[in-house]
Amino acid sequence: MIIAIDGPAGSGKSTVAKLVAQKLGFAYLDTGAMYRAVAWRALERDVALDDEAELTSIASSEPISFGYLPGEPLPSKVFINSQDVSKEIRLPQTDKAVSPVSAVLGVREALVAQQQRIGVLQDTVMEGRDIGTAVFPNAELKIYLTASPEVRAARRLEQNLRRFGKDAPNMNREEILAEIIRRDTYDSEREHSPLVAADDALTLDTSAMGINEVVDWIAAHATA
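Residues numbered from 1 in each chain as written. Predicted model: local features only at pLDDT ≥ 70, side-chain atom pairs only at ≥ 80, totals over all residues. Heavy atoms only, no water.

1. What about the overall build of the chain?
Where we set the bar: Only DSSP runs of H or I reaching four residues or more are called helices, and only runs of E reaching two or more are called strands; each is numbered from the N terminus. Only protein chains enter the accessibility calculation, which uses a 1.4 Å probe. A residue is then buried if its area is under 20% of the maximum for its type, exposed if over 50%, and partly exposed in between. Computed by Shrake-Rupley with a 1.4 Å probe, the accessible areas treat only the displayed protein chains as cover when residues are assessed. Charged residues are defined narrowly, with Lys and Arg counted positive, Asp and Glu counted negative, and His plus the chain ends left uncounted. A charged residue contributes its charge at one atom only: NZ of Lys, CZ of Arg, CG of Asp or CD of Glu.
The number of helices and strands found in the chain is nine helices and eight strands. For the chain, buried positions account for 51% of its 224 residues. With an accessible surface of roughly 10400 Å², the chain has 50% of that area assigned to carbon and sulfur atoms. For the chain, the separation between the mean place of its 24 positive charges and that of its 33 negative charges on side chains is 5 Å.

2. Some thoughts on the sheet that holds strand 1 (residues 2-6)
This is how the line gets drawn: The pairing criterion for strands is at least two bridges between them, as found by DSSP. The axes are straight lines fitted to the C-alpha atoms, using for helices just the contacting stretch, and the angles between their N-to-C directions are given from 0 to 180°. Contacts are assigned to residue pairs with any non-hydrogen atoms lying within 4.5 Å of each other.
Reading across the sheet, the five strands line up as 2-6-1-7-8 and stay open at both edges, with parallel pairing between neighbours. Two strands bound the open sheet, and with one partner strand each, they are strand 2 (27-30) and strand 8 (202-205). In this sheet, adjacent strand axes meet at a mean angle of 20° when their direction is disregarded. Taken together, the four bridges between strand 1 and strand 7 (residues 141-146) define a ladder with parallel strand orientation. Residue pairing for strand 7: Ile 3 is matched across the bridge by Leu 141. Along the sheet, helix 1 (residues 13-24) contacts strand 1, strand 2, strand 6 (124-128) and strand 7; its crossing angle with strand 6, the most-contacted strand, is approximately 175°. This element, helix 2 (residues 31-44), spans strand 2 and strand 6 of the sheet and lies at about 35° to strand 2.

3. What about the packing of helix 2 against helix 4 (residues 92-102)?
Under the convention used in this document: Oblique is the label for any angle not covered by the other classes, which are roughly parallel (under 35 degrees), roughly antiparallel (over 145) and roughly perpendicular (65 to 115). Nonpolar residues are Ala, Val, Leu, Ile, Met, Phe, Trp, Tyr, Cys and Pro. Charged residues are Asp, Glu, Lys and Arg, and all others, Gly as well, are polar.
Contact geometry for helix 2 and helix 4: axes closest at 8 Å, N-to-C directions at 105°. As the angle between them shows, helix 2 and helix 4 are arranged roughly perpendicular. On the side of helix 2, the interface is formed by Tyr 35, Arg 36, Val 38, Ala 39, Trp 40 and Leu 43, while helix 4 contributes Gln 93, Thr 94, Asp 95, Ala 97, Val 98, Val 101 and Ser 102. Across the contact of helix 2 with helix 4, the residue classes tally to eight nonpolar, three polar and two charged.

4. Some thoughts on the nonpolar core
Our working rule: Note on terminology: a nonpolar core comprises buried Ala, Val, Leu, Ile, Met, Phe, Trp, Tyr and Cys residues joined through side-chain atoms within 4.5 Å.
Within the largest apolar cluster, 34 residues are counted, with the highest numbers of intra-cluster contacts made by Val 38, Ile 64, Val 107 and Leu 111. Where this core is concerned, the elements lending two or more residues are strand 1, helix 2, helix 3 (52-61), strand 3 (64-67), strand 4 (77-80), helix 4, helix 5 (105-119) and helix 6 (131-135). The element best represented in this core is helix 2, accounting for eight residues. In this structure Val 107 touches Tyr 35, Val 38, Leu 55, Thr 56, Ala 59 and Val 101, once residues within four positions along its chain are discounted. Grouped together as the second largest cluster of nonpolar side chains are 18 residues, Ile 3, Ile 143, Leu 204 and Ile 218 included.

5. Quick look at the pattern of salt bridges
What counts, and what does not: The working definition used for a salt bridge is a side-chain nitrogen of Lys or Arg within 4 Å of a carboxyl oxygen of Asp or Glu.
In total, this model carries 14 salt bridges according to the counting rule given. Across the salt bridge formed by Asp 95 and Arg 36, the nearest N and O atoms sit 2.7 Å from each other. Of this pair, Asp 95 sits in helix 4 while Arg 36 sits in helix 2, placing them 59 residues apart in sequence. Assigned by exposure class, Asp 95 and Arg 36 land together as buried. Of the charged contacts, one joins Asp 187 and Arg 129 as a salt bridge, the two residues approaching to 2.8 Å between their closest N and O atoms. Of the two residues, Asp 187 is situated in helix 8 (residues 173-189) and Arg 129 in the loop between strand 6 and helix 6; the sequence distance between them amounts to 58 residues. Of the two residues, Asp 187 and Arg 129, both sit in the buried class. Three or more residues are tied together by salt bridges with common partners; here these are Arg 41, Glu 44, Arg 45 and Glu 62.

6. Description of the sheet that holds strand 5 (residues 83-84)
Read from one edge to the other, the open sheet built from three strands follows the order 3-4-5, with strand pairing classed as antiparallel. A strand with exactly one partner marks an edge of an open sheet, and here the two such strands are strand 3 and strand 5. Where strand 4 meets strand 5, two bridges bridge the pair, whose relative direction is antiparallel. Looking across to strand 5, one finds that Ile 80 is bridged to Gln 83. Across the sheet, helix 2 touches strand 3, strand 4 and strand 5, and the angle it forms with strand 3 is around 115°.

7. What to know about the side chain of Glu 127
Topologically, Glu 127 is positioned in strand 6. Within the buried core, Glu 127 has no salt-bridge partner, and the shortest N-O distance to an opposite charge, that of Lys 13, equals 4.6 Å. With sequence-adjacent residues up to four places away left out, Glu 127 is seen in contact with Ile 5, Lys 13, Ser 14, Ala 17, Tyr 28, Leu 29, Asp 30, Thr 31 and Gly 32.

8. Things to note about the pairing of strand 2
Side chains Ala 27 and Leu 29 project from strand 2 onto one buried face, and the interleaved Tyr 28 and Asp 30 project onto a second face that is buried too. Relative to strand 6, strand 2 runs parallel, the two sharing four bridges. Counted as the bridge partner of Tyr 28 is Val 125 from strand 6.

Here you go:
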């Protein structure tokens, strides 16, 4: 079974998907981390974010993998070409680079092929922006998570604090809000696989919901 969870930046997709996978005993695949890894590699090499040929080359030639702690079913590390980039892909500069990188058709084709190969191996919860529309359009359960931009900005601020502590690189809520709105516009208007709810997706506004409520709601639909 494939559970496809899509939604905009800061909607809680990653956290919810991980918890749903744990609750149901499914595998979890963070597709966003894959695009972030390609974006980070491009920044590291000073590749222009409109250089489609070079970006496609990175996505096609540098395998992305995930690391697991002993006994832990969810990945704790992200690697590109065996290099650990778990923290680097969450930095603000990567946040800004990931949308234009993920809009490149060649990048999407390379990573979608990887995602499709992984997803059919076992029951999987997969999250991103086009899982239910492009990666697995025949997924048995499709969820579109959303929340107000203000709520998503507050969540991203809390996430930065948890991940980086007092040295969090971006602690300005207004800047985070502006970046989320910018990404919403870019992702929804891009030419290839724009951010949109699949016609048969269940849409859930989580603005006033706790994480456990969202997880239970999705799990209930998965087992109904």
